[in-house]
Structures are given as C-alpha cells and as structure tokens.
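Fold and geometry: a report
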Amino acid sequence: MIYKMTDKDMEILFERISKDFQSFGSKEENGDIVFGDIQRFSDISEEKSSYPPKDFLIERSENILSIPRAEKRAVFGVKSCDLRGFYIMDKQILGKDPFYTVKRENTMFINFVCEKMCSGGFCTSFGGPVLDEYDVQVLHKNGYFYVEASDKYEKYLFGFSESDDQNVFEEHKKEFESLYGRLNVDGIENRMKWSSNLWNKFANYCISCGACNYSCPTCYCVDVYDDDDGRKKEWDSCILEGFTRTAAGNVRPELSERLRQRFYHKFKYYKLSRGAYLCTGCNRCVDDCPVDIDIKEVITHDYDRE
Amino acid sequence: METADTYTIVLTERNMGYAGQFYMVSKEGIGEAPISVGSGYGNPLMFSIKAVGSVTKGIMNDPYGEIGIRGPYGNVWPWKSYEHVVAIAGGIGIPPIKALIEDMQGHTSLDKLTVLYGARSPSDIVYRSEIETWKEEMDFRITVDKGDENWRGHVGVVTTLVPEIKEYNHGAAFVIGPPVMMKFSVKSLLDAGFAEDNIYLSLERRMECGIGVCGHCNIGRWYACEDGPIFKYSDTKEEPELFL
C-alpha cells in the first residue's frame, strides 16, 4: 500500500518510529552531508550523503572478541543506491558475519528515492532508484511524500491517507529510466577480458589509496587482525598490495592484477556466485578517486576491439 | 619439534572435523592463521605447523602459552566416493594426509590408499616415526628433492613418483603442497591418465575469517574457505589465478 503524506504526516511518522528506534539521519554538517542524530523529520537532508551509510552495519573498525549488540536503530534519508548495496552484500555475508547480521536485523532503513539523477550517477543501469526490497521507501514528489513499507514495518503507516495513485513508484521508475537511459551492463561478466589493456591503463595512474573501496556501498571485505586492544575487523581494500599476501607468496603482486580483481569481483565473480553485480551505480568510487578512474569505463569498454 | 622449523601441537579437545578441513588457530595479540587439521575425526586435535609467518612463529616461540582455536571449516577429501585414492603431499602438505589416513582407518582397508610424500631434504621430513608404521600398513612412498650421505631412498621431486602409480589412474588423486608442486603434480597425473574430475587440489590462500566474510581468499567466483579448500581440478582449471 502506498500512502500520500504531508510534511506534518512525516513528522508524525518520524515520532512513531523514534519511539521504538534510535533515529539517525542524513544531515548537513559543515557543508558535508553526513549521518548523525536527528530530532525531527525536517532535519533530514535529501541530498546524497558524502559517504554511504555502510558503517551502520560494517564499522570501520570493530572489536570482534566482544558479543554483537542488538540496538534498534532507524536510519532516515538513505539513498536507494546505498540501501541496494546492503541487499547485495546480504547475499554473501548475512547469517555468516554475526556483527553484520545482528545490526542488519535490528536496523530499519528509510530510503529516499531520488527525484532526479545525481551528478555522474548511473543507478538506472542497476535497477534504478525505486527498490523492490526495502523497509520504508519514500518518494518526495510534487510537494507530497509517497511512502510504502514492507510487511514488517507496515504498522507504522496505519492511519495515514492511502494514495489515489498506487502506481506512483512504478511510474517514477519508468520515467527515470526513459530520462536517463542505462548502460549496457547485461552480460558484462562475459565481455570483460582478463588480458584487456584497461587494467594496465588504470594501473598507470592508480595510487592504491583504496578510496574506491571505502566509498563503495557494496564493498564488504574486511581485514581481521590483532592489536594490543584485541581482535579487530576493519574495512580493507583489494587494491592494497598486502590483501592477498601469504607466506607462500602473493597471488596478485601487481597493481593491474588487483584492479582487475576489483572489477572482476564486481562484474563477474559475484554475478556467478550470488546472482548480482556488486555495484549500484552510485558513482561514489568515481567521485572519490583522486586520479579519475571511472568504473563506467569497465562497463562501456569495447573489449572485442582489443 | 618435527624438524628445525616445523612443530606439532596436540590438544586435549577432540577433533570434530574431517580430513581436509582446517581450523583458525590464533595467538592473541598476533593474529589468526588457517591450519589444516592433522588428526582424524574424534581423535585429539592435532596440528603440525611450519613456522613461516607471524602467527606460526609466535606459537612456536611460546610453546606453553595459550592459543585460540575455532572451526572446523571447509570441505573434506572425498575419499568415500572412490575405490582407490592417490594422495600427493609436498612439504607441509602432509598433515591433512595424516588426517586422511586416520579417517580411513577403521572404515576401510588402507589398501585403497597410496601416498606419495615429497620433502625438500631428509631433515625436512615430518612424522618420521608414523611413516615407519604407515609403510607397513599401506603403499606409502617418500622422496626428497635432495638427499644427504645417509639417505638411501628415492631422490627427486614428488612428481617423479607419479608414473610409478599409473596403475591407479582410474581412481582419485588428492594433491596438497606448494603451488609449483601442485601445478606440476596435476600435469604428471594427467599424463599418467587420471581424469580431470578425479583430481582434487587443496588450495592455499590468505584466509582471515574462514567463513566467507572477509573476502581475501577468492579463486575466481569461489572463496577457498567456504567453497574449498578442496577443489576439483575440472571445475577450476580455467581460473588464471588457480596457482600462485
């Protein structure tokens, strides 16, 4: 059921949810859009956050000798591309990583469907901003908020006005796709070439900073290590030389090999093992890359002409 | 100590895993490392470890200190599906073969097992006393890359023994050892007439979690920890990163 809600209705919804959950939201802080505590619905920024909300479920660094804690949290203002990232990661790590799993099950995401494509974004190539799976999904259009919830959270919407137009999300999706088009992603797993010169080209200017991994809403790899303070899992980057180093040798000593791995994991391996591409078209890896490596080039590159 | 750099630890806990599986063994403050179990199911947990990295050296340097264990993880040698098995172990690849012997003992005749074990030199041979017993119980062949003045046995890399066991090419081959040794073992096995889908490789990768979460140990679409560590050669042969 889709509900048509006013600013005031949204404040009521926010109050209802905040009774059961600790509420967080995207908000402007010193010119950046970041996630933090919010007191009312109107605090929420509808701009894309500078970083994805990945650390709500996978902390940058976390002590894993502790017991995973279940805290009921609601995160408002998540962009659809970022929420899709969690659904994609679920396929590999939900039920396996106890820390991710406990947080995933106790966190409610209220995602905002973008009204316009963000600069550089290409989410239409991976399904677009209207999600099929969500907790509470919000579309702000023509002065109203159109809201739908999964069965689990439908109860928070009881009593609000049902929308006369029950196809508003579907129509928005179509409109979005026709306006912005999509890249030819289908079959990329078969088109990419192991020996492509693209990997060497990227390696010529990549500086191995790992920003692409950290800014990605689907990169789930973590480093597990000990320090004086216990055993940690911490965001890792497949671009770093030590990622696969073992006592027996390193399977990817060259930067070009590690870049290829990143794109093969995203567009081939995960598709084969989990049935999805590890990309949501958010463009953050492009925005954050200091040397302008563009993941879209991996999709559009003409491998046959090499 | 088994050799100058390889040691065995035996715990009071029983092994709840089967041959081919591994445990994450840790030393607090240093880290964790995946170690193949060296004993059969139900026997006291046993690991034979070569001190090559920080964790394996850290455990060796503190022989009475505490260690952490979690597991078992990974899949098992599929010996039950075959009439005969040739196990080829190189270097510190021998503990999972010891576990295989112990798992097979009591369930089947050891006549269906042939072991080829290659060590770098006589002083690198692990399980010296067990090997004397195994030689009487089964077809256990040993070779060293380089002998010494007292060595009367076979000299040459372990693949040089493969043509001798050609008669078993209808069965399975389980291969575990350093990457180069595995690569050439596969070649020798194929030359000897073994079928690609009867050759199994136990692959080593950087594993940090052991449960398919950390993302370090992929071999193409698979994670060595949750889909392996044992892979059929016929499934994985197209992977460019199969061997290091």
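Worth saying up front: this structure is predicted, and the values here are computed from it rather than measured. (Residues numbered from 1 in each chain as written. Chains lettered and ligands numbered in written order. Predicted model: local features only at pLDDT ≥ 70, side-chain atom pairs only at ≥ 80, totals over all residues. Heavy atoms only, no water.)

1. With respect to the overall build of chain A
Put simply, the test is: Numbered from the N terminus, helices here are DSSP runs of H or I no shorter than four residues, and strands are runs of E no shorter than two. As a reference, a globule follows 2.2 Å times the number of residues to the power 0.38, and the radius of gyration itself is taken over C-alpha atoms. Type-normalised accessible area, obtained with a 1.4 Å probe on protein chains alone, sets the label of each residue: buried when under 20%, exposed when over 50%, and partly exposed for intermediate values. Only heavy atoms enter the contact rule, under which two residues are in contact if any of them lie within 4.5 Å.
For chain A, the helix and strand inventory stands at 10 helices and 12 strands. In terms of overall size, chain A behaves like a compact globule, its C-alpha atoms giving a radius of gyration of 20 Å where 306 residues would be expected to give roughly 19 Å. For chain A, the C-alpha atoms occupy an extent of roughly 60 × 50 × 35 Å along the three principal directions. The buried share of chain A, reckoned over its 306 residues, is 56%. Look at the contacts in chain A between residues 6 or more apart in sequence, and 74% of them connect residues 24 or more apart.

2. Quick word on the domain arrangement of chain A
The parts lose accessible area when they come together, and the size of an interface is often stated as this lost area. Residue and element names in this part refer to chain A. Spelled out, the test is: Start and end positions for the domains come from either an automated domain assignment or a database one. Computed with a 1.4 Å rolling probe, the buried area is the accessible surface lost when two parts are put together, summed over both parts.
Here chain A is described as being made up of domain 1 (2–180) and domain 2 (188–300). One C-alpha centre belongs to domain 1, the other to domain 2, and the line joining them spans 26 Å. Residue-level contacts link 35 residues of domain 1 with 35 residues of domain 2. Carbon and sulfur atoms supply 59% of the area that domain 1 and domain 2 bury against each other, a total of about 2,900 Å² over both sides.

3. Some details on the domain arrangement of chain B
Residue and element names in this part refer to chain B. The test is simple: What counts as a salt bridge is simple: a side-chain nitrogen of Lys or Arg found within 4 Å of a carboxyl oxygen of Asp or Glu. We define a polar contact as two N or O atoms separated by no more than 3.5 Å, with the added condition that, inside protein, one atom must be a possible hydrogen donor and the other a possible acceptor, whereas residues neighbouring each other in sequence contribute only through side-chain atom pairs.
Segmentation of chain B into domains returns domain 1 (6–73) and domain 2 (79–235). Placing a centre on the C-alpha atoms of domain 1 and another on those of domain 2 gives a separation of 20 Å. Facing 21 residues of domain 1, the contacting portion of domain 2 comprises 19 residues. In this assembly, domain 1 packs against domain 2 so that about 1,500 Å² is buried in total across both faces, 60% of it on carbon and sulfur atoms. Per-residue buried area on domain 1 facing domain 2 is highest for A19, G20 and F22; these three make up 27% of the total on that side. Between the two partners, domain 1 and domain 2, sit zero salt bridges. Linking domain 1 with domain 2 are seven residue pairs in polar contact (both at pLDDT 80 or more).

4. Here's the deal with the packing of aromatic side chains
Each aromatic ring pair is specified by the distance between its two centres and by the angle formed by the two planes. The criterion, for reference: Aromatic rings from Phe, Tyr and Trp, taking only the six-membered ring of Trp, are treated as a pair when their centres fall within 6.5 Å; an angle between ring planes under 30 degrees marks them as stacked, one over 60 as edge-to-face, and anything in between as tilted. Whether a charge sits over a ring comes down to the Lys NZ or Arg CZ being within 6 Å of the ring centre and within 35 degrees of the ring normal.
Scanning all chains against the criterion turns up 32 aromatic pairs over all chains. Ring centres of Y82(B) and Y200(B) lie 6.0 Å apart, and the angle between their planes is 75°; on these two criteria the pair is classed as edge-to-face. Here Y82(B) is found in the loop between strand 5 (68–73) and strand 6 (85–90), whereas its partner Y200(B) is found in strand 11 (residues 199–202), with 118 residues between them in sequence. Accessibility assignment for this pair places Y82(B) and Y200(B) in one class, buried. Taken together, the ring pairs connect W194(A), W199(A), F202(A), F263(A), Y264(A), Y269(A) and Y303(A) into an aromatic cluster. Taking NZ or CZ as reference, K4(A) lies 4.3 Å from the ring centre of Y144(A), over its face. One cation-aromatic arrangement involves R60(A) over Y51(A); the distance from NZ or CZ to the ring centre is 5.9 Å.

5. Considerations on the nonpolar core
Generally speaking, nonpolar side chains in soluble globular proteins are found buried as a group. We apply this condition: Throughout this description, the term nonpolar core refers to a set of buried Ala, Val, Leu, Ile, Met, Phe, Trp, Tyr and Cys residues connected via side-chain atoms within 4.5 Å.
The biggest cluster of nonpolar side chains holds 91 residues, and the ones touching the most others in it are M192(A), Y220(A), F263(A), F267(A), V298(A), I199(B) and L201(B). Per-element accounting of this core gives the leading share, seven residues, to helix 8 (residues 255–274) of chain A. With residues up to four places along the chain from it excluded, the contact list for I199(B) reads A173(B), V175(B), V186(B), L189(B), L190(B), F194(B), F231(B), K232(B) and Y233(B). The next biggest cluster of nonpolar side chains, apart from the first, holds 34 residues, and it includes W79(B), A89(B), W151(B) and F174(B).

6. As for the environment of L116(B)
Residues and elements named next belong to chain B. Looking at the element boundaries, L116 is found in strand 7 (residues 113–119). Given a relative accessible area of 0%, L116 falls into the buried group. When the C-alpha atoms of L116 and W134 are compared, they prove to be 12 Å apart, with 18 residues separating the residues in sequence. L116 has contacts with V86, A87, I88, A89, R141, V158, L161, V162 and I165, leaving out every residue within four places of it along the chain.

7. So, a negative patch on the surface
What counts is decided by this rule: Exposure above 30% relative accessible area and no salt bridge define the residues that can form patches, which grow by joining like charges within 9 Å and nonpolar side chains of Val, Leu, Ile, Met, Phe, Trp and Tyr within 5 Å. Per-residue and other accessible areas were derived by the Shrake-Rupley procedure at a 1.4 Å probe size, with only the shown protein chains allowed to occlude residues. Counted as positive: Lys and Arg. Counted as negative: Asp and Glu, with His and the chain ends omitted from the count. Charged groups are reduced to one reference atom each: NZ for lysine, CZ for arginine, CG for aspartic acid, CD for glutamic acid.
A contiguous patch of negative charge, built from E28(A), D32(A), E46(A), E47(A) and E115(A), is present on the exposed surface. Tracing the chain through its elements places D32(A) in strand 3 (residues 32–37).

8. A look at the pairing of strand 10 (residues 230–235) of chain A
Residues and elements named next belong to chain A. Quick reminder of the rule: Should DSSP find at least two bridges between two strands, the strands are regarded as paired.
When you tally the buried positions in strand 10, you get five out of six residues, the bulk of the element. Bridge analysis of strand 4 (residues 61–63) against strand 10 gives three bridges, and the strand direction is antiparallel. Across the sheet, residue E62 finds its bridge partner in strand 10, namely K233. Two strands pair when backbone bridges link them, and strand 9 (residues 222–227) and strand 10 are joined in this way by six bridges, in the antiparallel orientation. Pairing of V224 across the sheet is with K233, part of strand 10.

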